Every structure is written in structure tokens, then in C-alpha cells.
Amino acid sequence: MRLYKKFLDGVPEYLARYYWWAYLWRWGIWFFDHQPVINAILFGQYDRLLKKTLAQVETRPDAKLLQLTCVYGKLTPLLLSGARNEIHLCDIATGQLQLARRKTLHYTERCHLARMNAECLAYRNDAFDQVIVFFLFHEMPTSARHKAYAEIARVVRPGGSVLITEYAATPQQHWLYRFVPFRWLLGHLEPFLPGFWQEDVTEKLNDALRQNSKALNGEPGVEHCFADFYRIMRFNIAAR
Ligand SMILES: C[S@@+](CC[C@H](N)C(=O)[O-])C[C@H]1O[C@@H](n2cnc3c(N)ncnc32)[C@H](O)[C@@H]1O
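Residues numbered from 1 in each chain as written. Predicted model: local features only at pLDDT ≥ 70, side-chain atom pairs only at ≥ 80, totals over all residues. Heavy atoms only, no water.

**Q** Would you mind going over the site of the ligand with me for this structure?
**A** Close contacts around the ligand come from 21 residues, with Y14, Y23, T69, D91 and A118 the closest. One nitrogen or oxygen atom from the side chain of T69 is found 3.5 Å from an oxygen atom belonging to the ligand. Here an oxygen atom of the ligand and a backbone polar atom of Y72 are 2.9 Å apart. For the ligand, whose accessible area on its own is 590 Å², the fraction buried by protein is 95%. Judged by its atoms lying within 2 Å of the grid points, the ligand is housed in the largest pocket. At three residues, helix α1 (residues 13–24) tops the list of elements feeding residues into the shell around the ligand. Taken together, the residues that form the shell around the ligand break down as 15 nonpolar, three polar and three charged. (Near = heavy atom within 4 Å. Polar contact = N/O pair within 3.5 Å; in protein donor to acceptor, adjacent residues only side chain to side chain. Areas by Shrake-Rupley, 256 points an atom, 1.4 Å probe, with all protein chains shown as cover. 1 Å grid on protein atoms, 1.4 Å probe; cavity = no way out; pocket = protein on both sides within 12 Å on 5 of 7 lines; lining within 4 Å. Sits in = over half its atoms within 2 Å of the grid points. Helix = DSSP H or I, 4+ residues; strand = E, 2+ residues; numbered from the N terminus. Nonpolar A, V, L, I, M, F, W, Y, C, P; charged D, E, K, R; others polar.)

This is the structure:
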């Protein structure tokens, strides 16, 4: 039996096959949740990305937020300590949810964790004022990603927003991208990143919103980081 199949415990096949070592294996979970490791993976940009992301988070006390999937590091505790609102966090991996629970013990009354596939969410339509997605899309195959767009568009309310922190479009001019061995390595470790690099996120989200009789309110706010290697995108959804 292939090793990854041992991790097929109700998770999507792609997650077990390509990322068991990062998100499903207990020693992987232990290893990656260290600040120097996270920062190294993001080429020293973690704090900058986090700061720019947090600056766009909805902090109204009555706002209901969805963090779509767990992340290593400080994002979830900082979301909770930065405001008094209700935060829902879902992920398909039980090990990730357990890690998130350990980091949010002070906030259990307003931090709700659930095991769920981002491709098929069990939340009602228009349930959230903001959906936050931190480095998830580039780890999904195209079809899974498009289902996730559809679900985000369904659960965000008109007048709400979607906040996406991710790789930017294909960084043709970036020195890292131009260094062929690095590009080869990244393509191996992140097999869906080349596809994501070429995707027009605004167009895909807009299409998904239209399917839900919603629309963007103007152009997205986009901030770039690390010479356009990463970006933070805030999409405001038009009120009805
Ligand atoms: C947010 S992404 C990448 C995060 C980034 N590398 C970090 O930790 O900062 C990783 C998470 O997405 C989860 N995940 C991946 N595909 C998923 C899916 N279809 N549904 C729910 N969770 C998923 C994984 O279990 C993992 O916890």
C-alpha cells in the first residue's frame, strides 16, 4: 500500500497524496507549527503578510467571521484577541483542528471549530460577514478550488467581504521564479501552485458570486508583498 493511503481518513485524496507530511502526519504538524519554520517557508515574509492580513479583518463586535481552514502560526489566536466577534474555523484534518483548539482555549465560547470540507460547507447561505482564506487555494487542485470559490460565494453575506492572502500571479520577474532549480522544487512541493499562479482569482470569485445572485462592490483592494510574490486581496460584496 502507498504510504499516503494510511492518511486517507475522510480527507480529500489530494490532501493525503501530496500533503500528508505537512498537515496530516503528527510529527509534521509538530514540526511545521514553529515560527521559524513558517517564516522560512514564506521567505521571511510571515509577519508582514500577517500584519497586512489582520489590517483587513472585520472587527465589528457583531461581525461573524469564517476562517476557511486552519493555518500554522499566530493568525487564529490574533483574530480572536484582536476583536470580540464570533469566529468559525473549519478544516478537514482532525489533527489541525486539535492544534487550533489548543491555541484558542481562552476563547472557546466564541471560537467554533468544525470538521468540514471547504468544497462542501455545512453553513447556511449568507452566514458570514467575512470569509478569511490564508494560503489555501494554491494547495488545491483546480476543481476543488472552484468548488471552494462557490462555497465562499454562497456563505458570505451581501455587504460582507472575502479576504484572501495568497501567492500573486505568476511572478515572471521575481528572482526566485527566474532561478530554475527553485521553480522546479516549488513545483514539486506545491504541485497545484503553477495552476493557481495562472488563475484570475477576481474572475473566478465574481463568477461564483454571480451564481449566487451576488456581485463584487467595485474593484478588489490588493496589496502586494515581497516584490509581487504574495498578495493580500480584499473583495467587498455589494449589499442587496
Ligand atoms: C490553509 S492551508 C495552508 C496554510 C499555510 N501553509 C499555513 O499553515 O500557514 C492548510 C490547511 O488546509 C486544510 N485543507 C486543505 N484542503 C482542504 C479542504 N478541501 N477542506 C478543508 N480543509 C482543507 C489542511 O488540512 C490544512 O490544515
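There is more to say after this.
**Q** Quick question: what am I supposed to make of the packing of helix α4 (residues 46–54) against helix α5 (residues 75–82) here?
**A** Geometrically, a packed helix pair is captured by the angle between its two axes and the distance between the axes. It is the contact of α4 with α5, at a shortest axis distance of 11 Å, that shows an interaxial angle of 35°. Helix-helix and strand crossings are classified by hand; for α4 and α5 the assignment is right-handed. Residues Y46, L50 and L54 of α4 touch α5, and the partners they reach there are L75, L78 and L79. In the contact of α4 with α5, the residues fall into six nonpolar, no polar and no charged. (Axes fitted to C-alpha atoms, helices over the stretch in contact; angles between N-to-C directions. Left-handed = near helix turned anticlockwise from the far one by under 90°. Contact = heavy atoms within 4.5 Å.)

**Q** I tried to follow the layout of surface pockets on my own but got confused; where do I start?
**A** Any space left empty among the atoms is revealed by the rolling of a water-sized probe across them. A volume near 820 Å³ is recorded for the largest pocket. Lining the largest pocket are 38 residues, and of these Y23, F135, H138, E139 and E190 sit closest to its centre. A total of six residues in the lining of the largest pocket trace back to one element, the largest contributor, which is α1. When its residues are assigned to classes, the lining of the largest pocket shows 31 nonpolar, four polar and three charged. Roughly 320 Å³ of internal volume is contained in the second largest pocket. Forming the walls of the second largest pocket are 19 residues, and the residues nearest its centre are L24, R26, I29, G95 and Q98. For the lining of the second largest pocket, the secondary-structure elements that each account for two or more residues are α1, α2 (26–32) and α6 (94–103). (Points joined across faces, edges and corners; volume = space filled by probe spheres on them.)

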